[in-house]
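Understanding the architecture of this molecule
Take a look at the letters that make up each chain.
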Amino acid sequence: MSTSGIVYRPRRLRATPRVRRLVAEHRLHPADLVLPLFVKEGLDEPAPISSMPGQVQHTEATLRDAVAAAARAGLGGVMLFGIPAHRDATGSQAEAPDGILQRGIRAAREAVAAVEHATGRPGPVVMADICLDEFTDHGHCGVLADGPDGTPVVDNDATLERYAAMAVAQAKAGAEVVSPSGMMDGQVAVIRDALDEAGFEHVSILAYSAKYASPFYGPFREAVDSTLTGDRRTYQMDAANAREGLREADLDLAEGADMVMVKPAGSYLDVLRGVADRSDVPVAAYQVSGEYAMIEAAAANGWIDRRASVLESVLSIRRAGADVILTYWALEIAGWLTGGLEGRP
Ligand code: PBG
């Protein structure tokens, strides 16, 4: 025994970059990252999203380039969102065979195929969001009906029919994974049935299972030119509830979800850990627009170290149990990783 009497010295395993790398319990890999991308109908040039510095609304042509870059960087997936030129009460462009999201999916698949052909490596899985908020003129995630007191409410079951049609349209366009984000009850089962009936039993469902009503979606509203007034609290979850998030995940698993998601990520790491502990399918987490914007804004002011903060925020999501992480930094992180960083701050 040393004269100090200290037996345990955990600092030994922190003493050098070599040993820290060896004993790291978690690290990031490009193949676990999914890049969300926005494609807007009728754009001539990509349009910067001011609240998400570095992110843009893509034209179909620049979407192709972005997906090709994601493929070359070895990313695991891309998640596509479409912004139509015309909106209506039922969001009819959401399921139009030539609607912007379907066109984006086809362009993405072509870009992936081209890079796969050139490199011989698997490209990103092409995923698409199933939700009506980008397509309705009122900005809600479903169709509206008069509630008991005459005020409009989102009609759960009427919305499910629209999601089913959207899923089939996306699958026809080539989506490999469809991702219902509207928090309607029963959405996974209805989408699974519709896909199977249309011959798309091979298309997977990544369910936004525990999706909370969150101010951290604020910048996303700019990204999709959202028209929403009010909020989504009658369908998205209440921040006070963790147990309910686990129940939502259980229901989606029972309905046949191939993967389940928690969203936002950073403020819900407890829910993520809980879902990861009870799920025997892969678990995803979405680091949302506001999480991105906060770190970008603080870094732009010189208040925090940008790269270390980005890596710590994403690594924390991994540590809490996410197998798959959706993050707007996916491409940049992949660049750091292949540049020799280990995916740790
Ligand atoms: C719904 C959807 C939203 C996000 C992903 N899918 C917006 C919402 O539910 O209000 C938010 C993603 C983000 O903030 O980065 N189409």
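Residues numbered from 1 in each chain as written. Predicted model: local features only at pLDDT ≥ 70, side-chain atom pairs only at ≥ 80, totals over all residues. Heavy atoms only, no water.

Applying the stated criterion across every chain, the model contains 14 salt bridges. Measuring nitrogen to oxygen at the nearest pair gives 2.6 Å for the salt bridge that ties Arg64 to Glu110. One end of the pair, Arg64, is in helix α2 (residues 60-72); the other, Glu110, is in helix α3 (residues 100-119), and 46 residues separate them in sequence. On the basis of relative accessible area, Arg64 is assigned to the partly exposed category, the value being 33%. By relative accessible area, which is 45% here, Glu110 ends up partly exposed. The shortest N-O distance in the salt bridge between Glu296 and Arg306 comes to 2.8 Å. Note that Glu296 is positioned in helix α9 (residues 289-300) and Arg306 in helix α10 (residues 306-319), a separation of ten residues in sequence. The exposure class assigned to Arg306 is partly exposed, which follows from its relative accessible area of 26%. Among the charged side chains, a network of salt bridges with common partners joins Glu41, Glu60 and Arg103. (Salt bridge = Lys/Arg side-chain N within 4 Å of Asp/Glu carboxyl O. Helix = DSSP H or I, 4+ residues; strand = E, 2+ residues; numbered from the N terminus. Buried < 20%, exposed > 50% of the residue type's maximum accessible area, 1.4 Å probe, protein only.)

Further remarks concern the packing of α10 against helix α11 (residues 330-338). Axis separation between α10 and α11 bottoms out at 11 Å; the angle between their running directions is 105°. On the basis of the axis angle, α10 is roughly perpendicular to α11. Residue-level contacts link Arg306, Arg307, Val310, Leu311 and Val314 of α10 to Glu332, Ile333 and Trp336 of α11. Taken together, the residues that form the contact of α10 with α11 break down as five nonpolar, no polar and three charged. (Axes fitted to C-alpha atoms, helices over the stretch in contact; angles between N-to-C directions. Parallel < 35°, antiparallel > 145°, perpendicular 65-115°, else oblique. Contact = heavy atoms within 4.5 Å. Nonpolar A, V, L, I, M, F, W, Y, C, P; charged D, E, K, R; others polar.)

One can find Leu206 in strand β9 (residues 204-211). Judged by its relative accessible area of 0%, Leu206 falls in the buried class. For the pair Leu206 and Ala257, spaced 51 residues apart in sequence, the C-alpha to C-alpha distance is 6.3 Å.

With that out of the way, let us pick up the pairing of strand β5 (residues 125-130). Counting buried residues in β5 gives five out of six residues, a clear majority hidden from the surface. Once the chain exits strand β4 (residues 77-83) it traverses α3 before rejoining the sheet at β5, and the crossover so formed is right-handed. The pairing of β5 with strand β8 (residues 177-180) spans four bridges and is classified as parallel. Following the sheet pairing, Ala128 is matched in β8 by Val178. (Right-handed = clockwise from strand over helix to strand, strands pointing away. Pairing = 2+ DSSP bridges.)

On to the site of the ligand. Surveying the vicinity of the ligand reveals 18 residues, the closest of which are Asp133, Lys211, Lys263, Ser289 and Tyr328. At 2.7 Å, a side-chain N or O of Ser289 approaches an oxygen atom of the ligand. Between Tyr328 and the ligand, the recorded distance is 2.6 Å, taken from a side-chain N or O atom to an oxygen atom. Here the ligand, which alone exposes 410 Å², has 100% of that area covered by the protein. Here the shell around the ligand is composed, by residue class, of eight nonpolar, three polar and seven charged. (Near = heavy atom within 4 Å. Polar contact = N/O pair within 3.5 Å; in protein donor to acceptor, adjacent residues only side chain to side chain. Areas by Shrake-Rupley, 256 points an atom, 1.4 Å probe, with all protein chains shown as cover.)

On to a positive patch on the surface. On the surface, Arg9, Arg11, Arg12 and Arg14 cluster together into a patch of positive charge. Tracing the chain through its elements places Arg11 in the segment before α1 (17-23). (Patch = residues over 30% accessible without salt bridge, like charges linked within 9 Å, V, L, I, M, F, W, Y side chains within 5 Å. Lys, Arg positive; Asp, Glu negative; His and termini not counted. Charge placed at Lys NZ, Arg CZ, Asp CG, Glu CD.)

Taken as a whole and judged by the stated rule, the model has nine aromatic pairs. Ring geometry for Phe38 against Tyr328: centres 6.2 Å apart, planes inclined by 15°, an arrangement best described as stacked. You can see Phe38 sitting in strand β1 (residues 33-40) and its partner Tyr328 sitting in the loop between β12 (324-326) and α11, a full 290 residues away along the chain. With respect to burial, Phe38 and Tyr328 carry one shared label: buried. Members of the aromatic cluster, connected to one another through ring pairs, are Phe38, Phe81, Tyr208, Phe220, Tyr286, Tyr292, Tyr328 and Trp329. In this arrangement the basic side chain of Lys211 is found over the ring face of Tyr208, its NZ or CZ atom lying 5.2 Å from the centre. (Phe/Tyr/Trp six-rings, centres within 6.5 Å; stacked < 30°, edge-to-face > 60°. Lys NZ or Arg CZ within 6 Å of the ring centre and 35° of its normal.)

With an omega dihedral of -10°, the bond running from Lys263 to Pro264 counts as a cis peptide bond. By the secondary structure assignment, Pro264 is in the loop between β10 (259-263) and α8 (269-278). Phi at Met183 is positive, roughly 60°, even though this residue is not glycine. Turning to its location among the elements, Met183 is positioned in the loop between β8 and α5 (187-197). The class of Met183 is buried, set by a relative accessible area of 6%. Positive phi values are uncommon outside glycine, yet Asp225 reaches one of about 50°. Counting through the fold element by element, Asp225 comes out in the loop between α6 (218-223) and α7 (243-254). For Asp225, a relative accessible area of 28% gives the class partly exposed.

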